[in-house]
Amino acid sequence: VQLVESGGGPVQAGASLRLSCAASGRTLSYYRMGWFRQAPGKEREFVAGISTSGTNTHYADSVKGRFTISRDNAKNAVYLQMNSLKPEDTAVYYCAATDSPYAITRPGGYLAWGQGTQVTVSS
């Protein structure tokens, strides 16, 4: 499966952004999906994950209550709605796919990655 993210950009603190991840190749419904982010000089970190059906989601504590992950299997797409953005949310955001049946948060558990989209939040 090939993944392409879009929707990033520069915003002010408190603003909202919606990231999209479009898939080609194998249908996304086979995969649990995740969003990760990586800030300069930092390791890639888990942000949010969603089950194949979209029924179950899980989030990093740092984004809980502000970010929402969703998916539309008919459109072969996954989304990340980001509200109340903070400067510390600045990073390159990646979507990723895993064939694991578990809600994993480590990057090594994912087998396909997009190229990333930059989100920059200014104060």
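These numbers come from a predicted model, not from an experiment. (Residues numbered from 1 in each chain as written. Predicted model: local features only at pLDDT ≥ 70, side-chain atom pairs only at ≥ 80, totals over all residues. Heavy atoms only, no water.)

## Side note on the side chain of N76
To keep it simple, the criterion reads: Numbering of helices and strands runs from the N terminus; a helix is a DSSP stretch of H or I covering at least four residues, while a strand is a stretch of E covering at least two. Three labels apply to residues, based on accessible area from a 1.4 Å probe with only protein chains included: buried if under 20% of the type maximum, exposed if over 50%, partly exposed otherwise in between. Any pair of residues with heavy atoms lying within 4.5 Å of one another is described as a contacting pair.
With respect to the helices and strands, N76 occurs in the loop between strand 7 (67–72) and strand 8 (77–82). Judged by its relative accessible area of 14%, N76 falls in the buried class. Residues in contact with N76, not counting those within four places in the same chain, are C21, A22, A23, R26, T27 and L28.

## What to know about the pattern of salt bridges
What counts here: A carboxyl oxygen of Asp or Glu within 4 Å of a side-chain nitrogen of Lys or Arg is what we treat as a salt bridge.
Under the definition given, this model contains 4 salt bridges. Across the salt bridge formed by D61 and K64, the nearest N and O atoms sit 3.1 Å from each other. Taking relative accessible area as the criterion, D61 reaches 66% and is therefore assigned exposed. A single salt-bridge network, built from bridges that share partners, covers R37, E45, R66 and D89.

## Topic: the pairing of strand 8
For the record, the criterion: Here, any two strands with at least 2 DSSP bridges between them count as paired.
Judged by how many residues are buried, strand 8 sits mostly within the fold: 5 of 6 residues are covered. Note: strand 7 against strand 8, 6 bridges, orientation antiparallel. Across the sheet, residue F67 finds its bridge partner in strand 8, namely M82. Between strand 7 and the antiparallel strand that follows it, strand 8, lie 4 residues; N76 among them carries a positive phi value of about 55 degrees.

## Brief notes about the side chain of R37
What counts, and what does not: What qualifies as a polar contact is a pair of N or O atoms within 3.5 Å, subject to a donor-acceptor requirement within protein and to the restriction that residues adjacent in sequence count only when both atoms come from side chains.
Looking at the secondary structure, you find R37 in strand 4 (residues 32–38). A distance of 2.9 Å separates a polar atom in the side chain of R37 from a polar atom in the side chain of D89. Side-chain polar atoms of R37 contact the side chain of Y93, separated by 2.9 Å. If sequence neighbours within four positions are ignored, R37 has contacts with E43, R44, E45, V47, S62, V63, F67, E88, D89, A91, V92 and Y93.

## Examining the pairing of strand 2 (residues 9–12)
Residues G9 and V11 line the buried face of strand 2, whereas the alternating positions P10 and Q12 sit on a face that is not buried. Bridge count for strand 2 against strand 11 (residues 117–122) is 4 bridges, and the pairing is parallel. Bridged to Q12 within strand 11 is S122.

## Regarding the nonpolar core
Note the cut-off: Nonpolar cores are built from buried Ala, Val, Leu, Ile, Met, Phe, Trp, Tyr and Cys residues. Side-chain atoms within 4.5 Å join them into one set.
Membership of the largest hydrophobic core comes to 34 residues, with the highest contact counts inside it found for L3, M33, W35, L80, M82 and Y93. Mapped by element, the contributors of at least two residues to this core are strand 3 (17–24), strand 4, strand 5 (45–50), strand 7, strand 8, strand 9 (91–98) and strand 11. The leading source of residues in this core is strand 9, at 5 residues. Leave out the neighbours within four places in its chain, and M33 touches L3, C21, L28, A48, G49, I50, I69, R71, V78, A96, A97 and Y110.

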